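Residue-level structure breakdown
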Amino acid sequence: MRGASSRTRTRVERTPDGRRLVVSRRVSAPETAAWDVLVSVADWPDWGPSVSGVRGVDGRIEAGDRGEVRVAGVWVPFGIETCDDEARRWTWRVAGVPATGHRVEPVGPDRCAVAFEVPVFAGPYAAVCAVALRRIERLAERRARG
């Protein structure tokens, strides 16, 4: 199902990490499918336009995990700061700098909203997040279909 409710939205919100630019999209998949795509490092290169590889973490992320992501051909260290399966929200630091927050919220039967919380200083990164959200939508819908 596509249409007005599937478009990407960008707004400023107060998050647990302070004021952030929040880029979100409604997805026609259960929140569990979208969450699985976000926390599975094997999926990151498929949805992250700037990520071409991940090493140091296998499977699903957990708070405290440390690894590296390949961005523009360079391996950059990351650390998972928080990862709450119940709240369906995780945050990380990349190269020691607070980076995006990631969250999934239910919006109806078999529908959810996926959002990136972007530090205000990294506002231009919202365009990259919009591309990632479209890719996450495809992956989550495919996963939900089995």
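Positions within a chain are numbered from 1, following the residues in the order the chain's sequence is written. Where totals are concerned, whole chains, interfaces and linings use all residues; where local detail is concerned, this predicted model gives features only for residues with pLDDT of at least 70, and gives and counts side-chain atom pairs only at 80 or more. With hydrogens and water set aside, each side-chain value is computed from the structure's full complement of heavy atoms.

**Re the nonpolar core**
What makes a nonpolar core is a set of buried Ala, Val, Leu, Ile, Met, Phe, Trp, Tyr and Cys residues whose side-chain atoms join them at distances within 4.5 Å. Accessible area is worked out with a 1.4 Å probe on protein chains only. A residue is then buried under 20% of its type maximum, exposed over 50%, and partly exposed in between. Residues Trp44, Trp47, Ile61, Trp90 and Val114 are the most contacted members of the largest nonpolar core, which totals 36 residues. Secondary structure elements with two or more residues in this core: strand 2 (18-27), helix 1 (31-39), helix 2 (44-47), strand 5 (74-84), strand 6 (89-94), strand 7 (97-108), strand 8 (111-119) and helix 3 (126-145). Put simply, DSSP H or I for four residues or longer makes a helix, DSSP E for two residues or longer makes a strand, and each gets a number counted from the N terminus. By residue number, the principal contributor to this core is helix 3, which donates seven residues. Apart from the residues within four sequence positions on either side, Ile61 is in contact with Val39, Val41, Trp44, Ile80, Cys83 and Trp90. Residues are treated as being in contact if the distance between any of their heavy atoms lies within 4.5 Å.

**Comments concerning the environment of Gly48**
Mapped onto the elements of the fold, Gly48 is located in the loop between helix 2 and strand 3 (53-55). We classify Gly48 as buried; its relative accessible area is 6%. Sequence-wise, Gly48 and Val131 are 83 residues apart; in three dimensions their C-alpha atoms are separated by 8.1 Å.

**Regarding the pattern of salt bridges**
For salt bridges, the criterion is a side-chain nitrogen of Lys or Arg within 4 Å of an Asp or Glu carboxyl oxygen. Under the defined criterion, the tally for this structure stands at 13 salt bridges. The partner of Arg143 in a salt bridge is Asp43, and the shortest N-O contact between them spans 2.9 Å. Residue Arg143 is found in helix 3, and its partner Asp43 is found in the loop between helix 1 and helix 2; the two are separated by 100 residues along the sequence. According to the relative accessible area criterion, Arg143 is partly exposed, its value standing at 31%. For Asp43, a relative accessible area of 7% translates into the label buried. We note a salt bridge from Glu105 to Arg103, for which the minimum N-O separation is 3.2 Å. Given a relative accessible area of 36%, Glu105 falls into the partly exposed group.

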